[in-house]
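Coordinates in review
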Amino acid sequence: MSQLTAMQRKTVPDSGRRRVVILGSTGSIGCNTLDVLRLHPDRFEVIGLVAHRNAATLRAQAGEFEPKWVALTGEEHPEGSVSGPWATVHTQTELLERIQAPDVDIVVSAIVGAAGLLTTWAAVDAGKDVALANKETMVLAGSLVMERATQTGSRILPVDSEHSAIFQAMEGHRDSVERVVLTGSGGPFRGKSREALKKVTVAEALNHPTWKMGPKITVDSATLMNKALEVIEAKWLFGLDADQIRVIVHPESIVHSFVEFRDGSVLAQLSPPDMRLPIQFALTYPERWPSPTRRMNWTELNQLRFEQPDPETFPALSLGFRVARDGGTSGAVLNAANEVAVERFLAGEISFPEIPRIAADVLNAHSLNRRPTLDELLAADRWARTEVARWITNNRTR
Ligand code: NDP
Ligand code: MG
């Protein structure tokens, strides 16, 4: 059975509240998700909240939403720092069991990076609905995740705004899709030359023109690696070939993506940029509920611009298409290499143009396994991380 047929059969129950776990509740997507839940207290119940290091925010969230349990997965927090009337989960095994428990309907996957894979996998494995923000899971292991979701009946509902747009525009006509066109704002360095990017500072890279997001995805948006990761995410989520995916720069971030059909028609989803909209749609699908999202201002709207991406200045983008073509372990390698390179850039250890250079070099050095197991993907991830460390040491000591 296709993902969509299975999806359309499940609906949000009229009686009772949808029982939600949020992985990464203290992040940008996590906080936006809680904002959505705050608006519909009679329709949702928070079962579990998972954060990493931000004990103060987790404690405040737990005080407000009264979950059954919380987990703080980072090591550097004092014992008891999130204690309260809720249970505190201490081990990874217990966390995975809690995610898979019968009292959970939907899991919001909003941890950043490959660190989100195992908890997301647990949700898919137990047949839970998954509101997926953590695109790195799809980049790393999209093939296996989609295969497992089909087996367990897990519905993977995209939160990433482009994929939510595609999901919405495709509905009912999935078999007639010819191609999808992902839009991207172009990031803070749109129109800049390759030369100018050499001097980019961390603060400049963190200053996104249209979206307010966590630091990793903000840097990814500046290099266009985010769009590369989204190409791979689209491939797996929607079962597309690499040559059915295009990217176009759209500075206003109003058209969230296009779907082109076999008869030449193109459908798009538009709204002012606000992540609460795709988050809520993932949580309420197939229904649409009222939302406070700002409406389109049709009297002020006078232009929507579209430009071709600049592959010379932003070489990361082509890596996404390459991985979408190659599949296998290449996604795990690109994702891990990029993650470490971004961390090193944020720590001031490498320059901005070195992020895509490192990602490309590590991808070139890797030998592709076309049909990896989950363990082999995790091994490829670990290998890529050590390769980045080696790259930096070699290039600094030369
Ligand atoms: P943030 O950096 O704002 O938040 C990250 C969350 O993950 C925090 O709750 C953090 O916990 C937790 N976390 C960090 N490291 C780990 C770890 N090693 N193990 C477990 N949890 C960890 O990120 P965003 O909310 O911006 O992004 C989350 C995901 O959503 C990413 O995959 C991103 O690509 C995707 N996404 C985000 C969008 C956005 O608008 N922000 C849009 C589309 C996709 P703590 O703070 O407690 O340390
Ligand atoms: Mg996006």
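If you're wondering where the values come from, they're calculated on a predicted model, not measured in any experiment.

1. Re the coordination of the magnesium ion (ligand 2)
Each protein donor to the magnesium ion (ligand 2) is listed here as Asp-160 (OD), Glu-162 (OE) and Glu-230 (OE); together their distances run 2.1 to 2.2 Å. If you list the donors of the magnesium ion (ligand 2) from N- to C-terminus, the spacing comes out as D-x1-E-x67-E. One end of the pair, Asp-160, is in the loop between strand S7 (156–158) and helix H7 (161–170); the other, Glu-230, is in helix H11 (residues 225–238), and 70 residues separate them in sequence. Glu-230 carries the same exposure label as Asp-160, and that label is buried.

2. Some words on the side chain of His-256
Along the chain, His-256 turns up in strand S10 (residues 255–261). Among residues more than four places away in sequence, those in contact with His-256 are Ser-161, Glu-162, Ala-165, Thr-183, Trp-211, Gln-269, Leu-270, Ser-271, Pro-272 and Pro-273.

3. Points about the side chain of Asp-103
Within the fold, Asp-103 resides in the loop between helix H4 (92–100) and strand S5 (106–109). With sequence-adjacent residues up to four places away left out, Asp-103 is seen in contact with Arg-19, Ile-47 and Lys-68.

4. Here's the deal with unusual backbone geometry
The residue after Tyr-285, namely Pro-286, is reached through a cis peptide bond having omega 5°. As for its placement among the helices and strands, Pro-286 is situated in the loop between helix H12 (276–284) and helix H13 (316–326). Residues other than glycine seldom take positive phi values, yet Leu-224 does so here, at roughly 70°. As for its placement among the helices and strands, Leu-224 is situated in the loop between helix H10 (215–223) and H11. Positive phi values are uncommon outside glycine, yet Ser-253 reaches one of about 50°. Inspection of the secondary structure puts Ser-253 in the loop between strand S9 (245–249) and S10.

Thresholds applied
Residues numbered from 1 in each chain as written. Chains lettered and ligands numbered in written order. Predicted model: local features only at pLDDT ≥ 70, side-chain atom pairs only at ≥ 80, totals over all residues. Heavy atoms only, no water. Donors = N, O, S within 2.8 Å, 3.2 Å for Na, K, Ca; no water. Helix = DSSP H or I, 4+ residues; strand = E, 2+ residues; numbered from the N terminus. Buried < 20%, exposed > 50% of the residue type's maximum accessible area, 1.4 Å probe, protein only. Contact = heavy atoms within 4.5 Å.

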